[in-house]
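Working through the structure, step by step
One letter stands for each residue in the lines below.
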Protein chains: 4
Amino acid sequence: MTLYLSRGSVLEAVNGSFSIKEFDLPAPDPGGVIVRQELAGMCGTDYHVFRGHWPNHPFPVLLGHENVGILHALGEGMTTDFAGRPVKVGDRVVTIATGGVCGQCYACVVLNQPGLCPNRAPGRATLDTVTGQGVHVFGGGYAELLRLQPNRYVMFKTDLDPATAVMLEPLSNSIHGFERSPVRIGDTVVIQGSGGIGLPTVAVAKLSGALRIIVVGGPKGRLDLCRECGADVCIDIEEVRSPEERIRIVREQTPQGIGADVIVGATGIAQTVTEGIAYLRPGGALCEIGNATDSGEIPFSPYRDLVSKRALLAGIAGTGVKHYALALRVLEKGGFPYQAMVSHQIPIDRVAEGINALGGGYRIDGRDAIKIAVAPNGPTG
Amino acid sequence: MTLYLSRGSVLEAVNGSFSIKEFDLPAPDPGGVIVRQELAGMCGTDYHVFRGHWPNHPFPVLLGHENVGILHALGEGMTTDFAGRPVKVGDRVVTIATGGVCGQCYACVVLNQPGLCPNRAPGRATLDTVTGQGVHVFGGGYAELLRLQPNRYVMFKTDLDPATAVMLEPLSNSIHGFERSPVRIGDTVVIQGSGGIGLPTVAVAKLSGALRIIVVGGPKGRLDLCRECGADVCIDIEEVRSPEERIRIVREQTPQGIGADVIVGATGIAQTVTEGIAYLRPGGALCEIGNATDSGEIPFSPYRDLVSKRALLAGIAGTGVKHYALALRVLEKGGFPYQAMVSHQIPIDRVAEGINALGGGYRIDGRDAIKIAVAPNGPTG
Amino acid sequence: MTLYLSRGSVLEAVNGSFSIKEFDLPAPDPGGVIVRQELAGMCGTDYHVFRGHWPNHPFPVLLGHENVGILHALGEGMTTDFAGRPVKVGDRVVTIATGGVCGQCYACVVLNQPGLCPNRAPGRATLDTVTGQGVHVFGGGYAELLRLQPNRYVMFKTDLDPATAVMLEPLSNSIHGFERSPVRIGDTVVIQGSGGIGLPTVAVAKLSGALRIIVVGGPKGRLDLCRECGADVCIDIEEVRSPEERIRIVREQTPQGIGADVIVGATGIAQTVTEGIAYLRPGGALCEIGNATDSGEIPFSPYRDLVSKRALLAGIAGTGVKHYALALRVLEKGGFPYQAMVSHQIPIDRVAEGINALGGGYRIDGRDAIKIAVAPNGPTG
Amino acid sequence: MTLYLSRGSVLEAVNGSFSIKEFDLPAPDPGGVIVRQELAGMCGTDYHVFRGHWPNHPFPVLLGHENVGILHALGEGMTTDFAGRPVKVGDRVVTIATGGVCGQCYACVVLNQPGLCPNRAPGRATLDTVTGQGVHVFGGGYAELLRLQPNRYVMFKTDLDPATAVMLEPLSNSIHGFERSPVRIGDTVVIQGSGGIGLPTVAVAKLSGALRIIVVGGPKGRLDLCRECGADVCIDIEEVRSPEERIRIVREQTPQGIGADVIVGATGIAQTVTEGIAYLRPGGALCEIGNATDSGEIPFSPYRDLVSKRALLAGIAGTGVKHYALALRVLEKGGFPYQAMVSHQIPIDRVAEGINALGGGYRIDGRDAIKIAVAPNGPTG
């Protein structure tokens, strides 16, 4: 008798195909849960696994790590979410895989680098298909059901609609970025990029006290959303094609033309870092929150780009429970068009199209793709 | 057949007697360990449990939460300490009970207040004596063997001698205090109190860039140790009995008499906070790291003590893994007379004498007691 | 021939009367200016000078230090404001008396305590009336013309309307307060008081990323303005008269009832600090930005109010050019009902009524007074 | 009658010669002073002016901006130093040219970028030789007498010996660097370079709580001084010539080989930034305090060098009064071999030799040059 039968979209190999497989899930472990997926956000990381940029990643793999859904089964002892609120089957939750880090060691608590945690729960999760094929799990959200193991996830109950809730991870990334290069009330902030990472960054900049927000991106539909999020000035890279001209415009928008206080890079293109440094005022800070995979080298002069600018350049990769918890509060407060950032909901048999769009096309069904979400059990409200 | 027989000093009730009981310990759980205790530091908290200041604390109880010892048995899967270093039976370790907090929730990671963690491992540890009596465990270090359960402790391997290692918790407390009221290079720092909390605070102040360290305390032996730790000026409260005179001396030692930059309170006496605020320069900070139990009220004027002083007043209670990990590095670097701070090593059948000394006598065997450590298996080197 | 004849409202003595005097102003010094006053905000400090709370303050005195007006005459070399923008006669400026601090010494730049500056321009400014009476100047804004001396003021050009611009000093105070007890995105902030200090604090809390803002104050008209500034919850102290009940309501509005992250005190009543500490979550921060004069003592327990709460308590007094410059940016961005905070504009011959209202009446012309501004040259748009 | 006749070493042109000229100094202005020079430290900046790297710098010029000497004449009103201590003719002072910045504007106090101050005292100081030639002054310390103009300098009285006092500016630079990339107690710090900038940086790292200090530099004599300052490990670049090998050694010295917490770059060679980033642990910080002039470009990958490392890269140029005031406190505390860092004292007619040494030779009189100081009135004790 199969209690928990699930269908998911499995990637077979680097640059390979996605195919729908059936899984027979064991009941949840004590401390674990099973979630009926509503939406799984597609992330640049998925594209990089697909392209083989993630060294030695095992295949076949079930992707999808930005997950929201309905509690379907609770393991023994699971009576509350990770903020202590009671949960029951039927509640909506956002879930975050933590990779089994311990949260108690030198790397986790002193260095704030859980990626270095030596106490990770060993091994990597796998699932078996009904035909007995072992499938590696990286998130596992591109499936009807998501089975989460104890000490490997965090879960928060929420009353948000699924399309808003699926923006949790991108928003937590923006919050992490501004933690590294803080906005002070009154600052001028430039955001490079207006996609699924740049857009929530505009909202967080607005909430953080930026008084002038400049977005350098495109196309027009995204820039309209940026304006709804609080952008004061949008520079459309299709209209203003010269970096020099963009630098001139940005500086013109700052007091006495001295340059911007904070830059956040969210394009994934190495060259935009050079352009971003040119936007900076002396003593300003730039934080790169895109470029999560190698996009090449740029010429860099320690004197020109760091010393003479008194610059502070920072990079982040990944976010922690802290940023997720703050991001959930921000989403629940509302006031920004989060839902509209989810441009597409696609079924699990169209994951390949989503991956393609992330790879550069950025169009699905003839429309510009911003955030694409997989809806394994059909479209949500 | 009894593999793990241990004798410990059990406190029967509030203000009750301590008696030696025998325990029959189960083998360690997976992820747990058994440690053969070398030293267990005695802490003011123990005294407060004894006196009933800790509301609803269950009895009988086995105290002792500042522990160093030798790994005696390793549970399944225990191959490294919490910094990822390999461990084996026979290694020396410092162990810290974490109270079973999750390290992954809003309270733990956003608020940095693990005391509010809603996901604590349920219940409280108990041990059974060989005659079947249930004994509550608060630390449990005043016994020959210490049995630690998974998800409830942190452990670091060390090559320190036991008397130095047992200073880990007090030192972590000092580090936590300066995290709340940071020392800037060049600051004048006043430490109120020269006992088991004040002394390591002098060392941490020195390491943190304080250029002038003033200690207000006594008696002479402790002040000598303070000087060895880097105190520039020691004010003996038995010689200078007037708070006004002490305030005058402190201010005289600061540039242009403006007052000290940072004060750390480590006396446990409410009135010393009033005196400490009077030491402060405008814009300075005072952190109270003693006063861990109620010592009464003081008159406080928001205008005089906070606004007109532009003061910053902070309090800490408890420390986290972060502070322990940093403290261990500091101990391992050396350069301060940590061993000499441990004034007494006593066997488990003299715990009551230690508790008495903590309650105000501060003398054992005719000598001033600074840090008292219980040595359950005989004195260490 | 008199080039610069000015009439001002002079306070004769402690608790004395205000009378209109005529002044004959010298032409501006090199580096100085003369400003034709539009508005001079009335500040609690004025009331305290009136009541004699300011020790040894000389009389007679011309008060008024929150000034906006039109440049009337420029001293030699004055071609720009302090942000480097060109200025000419006829431009609107906000001006701030700096007390002649040097901005270059240990107190000014290391301690950030210009009040301790040893290099202040010597003496205190005085003006002579046409009949030769010497009048001390504390601000000097309650007069038709304001004469500012080099190295004793800062001036910024602005296009704001005068009623908005006159909120510069209160807003800079709020910004200073949050600098001492920073808001983190997502925080719950409580503001005690809804008057001329509390109201702009609500706006700054909103801009700083507070997601839930609770105001404890009254009466209703002010609370309505607080809601316009972004307050989510207003507790009317006339309706909820019990501190215990107010504490209950505040905590109920926080996640899991743990208490608020940040409290800002803006009432000037000592007892509200006790109430504010009770609102705080463990690890939270309270900053007192009112209580600029002695309002008595409260009972304070270092254990209960500081240590067990892991609290951080801060106080500020005065603001610096930094806060003024940031506040001007915030005002110029708009988005909050600053003008509506200026409840009354009164001519110089009604200064005594304004002082009375500050002393507790808070009513002029039968209406609740929030911020009262003196309009020496007639009401502004 | 000439009251203040002075001889100084004037640089005639880019890459030009230095020649001794006589100056006839006016009496000090009100608020100004004349100092009889004891030592003037030679700085890389002097070399860069010599080589023409400083665009449009006017010639002829009198260099020397790291000055210590004896008060020779006091202008009207000069009764205290900038910390408020009384001064009189005959007192030793360190003096710092501030460039005439105002310390009161948006750039000075909000941005902390006095280099952007729009209110600088206009023009640039010049002196006339006895034959009427106008000479530009950049510091002006390579002369017997130093004439300082009001609002253009800061001065602190000191009892330090001149050779220690002349280390003020380099030390303030190190303090500024660690302000941008703070050391936390327990950190491992790597300092790249062991010359006049690197050496005081070792001392500041030690004072700031670094528990392991690694220096990458040479030659041997300098590394010996580094060890005296607290370096735990010195890597001699003449012995370990391969960057890869140096990276391996640095990482080996860090817990679990994760890399260093903080790197300070003090070599002036662009390529060492690439090497420094490779030393860093994930989440670590690198601050470049050398490279004060263009030393070329390095290949830089935003992904590899910033994002994947979660790195923070910072640069500083110049220091403020704040850093000088702190540095003076540090020097006065003692405990480090500051005097020994001043390897050479040369008379004003050998300035050209000093400049040559700064340009790469680093040898004078057959000995390794670390800090070279010009002694215009003969060698000091």
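Here the structure is a predicted model, which is why all the values come from computation and not from measurement.

Structural notes on the relation of the copies chain B and chain C
The operation relating chain B to chain C is a screw motion whose rotation component is 180 degrees, with 0.0 Å of axial translation and a residual RMSD of 0.0 Å. Here the copies are linked by what is in effect a two-fold axis. Residue by residue, 100% of the interface of chain B is reproduced at the interface of chain C, so both copies engage with the same surface.

Some remarks on the sheet that holds strand β7 (residues 126–128) of chain B
All names here are of chain B. The five strands are arranged β2-β1-β4-β8-β7 in an open sheet whose pairing can be described as mixed. With partners counted over all chains shown, the strands left at the sheet margins are β2 (18–25) and β7, one partner each. With two bridges joining them, strand β1 (residues 4–11) and strand β4 (residues 61–62) adopt antiparallel strand pairing. Its bridge partner lying in β4, L11 is registered against V61.

As for the environment of I298 of chain D
With respect to the secondary-structure elements, I298 of chain D resides in strand β16 (residues 298–300). Linking I298 of chain D and A270 of chain D, residues 28 residues apart in sequence, is a C-alpha distance of 6.6 Å. Beyond its immediate sequence surroundings of up to four residues, I298 of chain D is in contact with I298, P299, F300 and P302 of chain A together with A270, Q271, V273 and T274 of chain D.

Some words on the relation of the copies chain D and chain A
When chain D is fitted to chain A, the residual RMSD is 0.0 Å, and the transformation amounts to a turn of 180 degrees plus an axial shift of 0.0 Å. Looking at chain D, 100% of its interface residues are interface residues in chain A too, so the copies touch through the same face.

Thoughts on the interface of chain B and chain C
One frequently used descriptor of interface size is the decrease in accessible area upon assembly of the parts. On the chain C side, the residues contacting the 40 residues of chain B number 40 residues. Buried surface at the junction of chain B and chain C, summed over both partners, amounts to about 3600 Å²; 60% is from carbon and sulfur atoms. For chain B, the biggest contributors to the area lost against chain C are F300, V307 and R310 of chain B; these three give 15% of the whole. Counting across the interface, chain B meets chain C through two salt bridges. Salt-bridge contacts for E297 of chain C lead to R304 of chain B; the nearest nitrogen and oxygen are separated by 2.9 Å. At the boundary of chain B with chain C, the tally comes to 15 residue pairs in polar contact (both at pLDDT 80 or more). For the side of chain B that touches chain C, the secondary-structure elements that each account for two or more residues are β15 (280–288), β16 (298–300), α9 (302–307) and β17 (312–315) of chain B.

So, the packing of helix α4 (residues 168–180) of chain D against helix α10 (residues 321–333) of chain D
If you want to describe how two helices pack, look at the angle between their axes and the distance between the axes. All names here are of chain D. At a minimum axis distance of 8 Å, the contact between α4 and α10 shows a crossing angle of 115 degrees. If you check the angle between α4 and α10, you find them roughly perpendicular. The two elements α4 and α10 cross, and the hand of that crossing is right-handed. In this structure, α4 contributes L168, E169, L171, S172, I175, H176 and E179 to the contact, and α10 contributes K322, H323, Y324, L326, A327, L328, V330 and L331.

Description of the interface of chain D and chain A
Listed by partner, the interface residues are 40 residues for chain D and 40 residues for chain A. Buried area between chain D and chain A, summed over both chains or domains, comes out near 3600 Å², and the portion from carbon and sulfur atoms is 60%. Connecting chain D to chain A are two salt bridges. Of the residues assigned to the side of chain D that touches chain A, the class counts are 21 nonpolar, 10 polar and nine charged. As judged from the three bridges shared by strand β16 (residues 298–300) of chain A and β16 of chain D, these two strands associate in the antiparallel manner. Note on β16 of chain D: the bridge partner recorded for I298 of chain A is F300 of chain D.

Here's the deal with the packing of aromatic side chains
All names here are of chain A. Counting across every chain of the model gives 18 aromatic pairs over all chains. Between F18 and F50 the ring centres are 6.1 Å apart and the planes differ by 20 degrees, which places this aromatic pair in the stacked class. Here F50 lies in helix α1 (residues 44–51) and F18 lies in strand β2 (residues 18–25), a separation of 32 residues in the sequence. Among the residues examined, F18 registers a relative accessible area of 17% and is labelled buried. Ring geometry for Y47 versus F50: centroids 6.4 Å apart, planes at 40 degrees, classification tilted. Taken as a pair, Y47 and F50 lie in helix α1 at a separation of three residues, close to a single helical turn. Using a relative accessible area of 14% as the deciding quantity, one classes F50 as buried. A network of ring pairs unites the aromatic residues F18, Y47 and F50 as a single cluster. Looking at R222, its charged tip hangs above the ring of Y362, at a distance of 5.1 Å from the centre.

Parameters and conventions
- Residues numbered from 1 in each chain as written.
- Chains lettered and ligands numbered in written order.
- Predicted model: local features only at pLDDT ≥ 70, side-chain atom pairs only at ≥ 80, totals over all residues.
- Heavy atoms only, no water.
- Least-squares fit on C-alpha atoms with pLDDT ≥ 70 in both.
- Contact = heavy atoms within 4.5 Å.
- Pairing = 2+ DSSP bridges.
- Helix = DSSP H or I, 4+ residues; strand = E, 2+ residues; numbered from the N terminus.
- Buried area = accessible area lost by both parts, 1.4 Å probe.
- Salt bridge = Lys/Arg side-chain N within 4 Å of Asp/Glu carboxyl O.
- Polar contact = N/O pair within 3.5 Å; in protein donor to acceptor, adjacent residues only side chain to side chain.
- Axes fitted to C-alpha atoms, helices over the stretch in contact; angles between N-to-C directions.
- Parallel < 35°, antiparallel > 145°, perpendicular 65-115°, else oblique.
- Left-handed = near helix turned anticlockwise from the far one by under 90°.
- Nonpolar A, V, L, I, M, F, W, Y, C, P; charged D, E, K, R; others polar.
- Phe/Tyr/Trp six-rings, centres within 6.5 Å; stacked < 30°, edge-to-face > 60°.
- Buried < 20%, exposed > 50% of the residue type's maximum accessible area, 1.4 Å probe, protein only.
- Lys NZ or Arg CZ within 6 Å of the ring centre and 35° of its normal.

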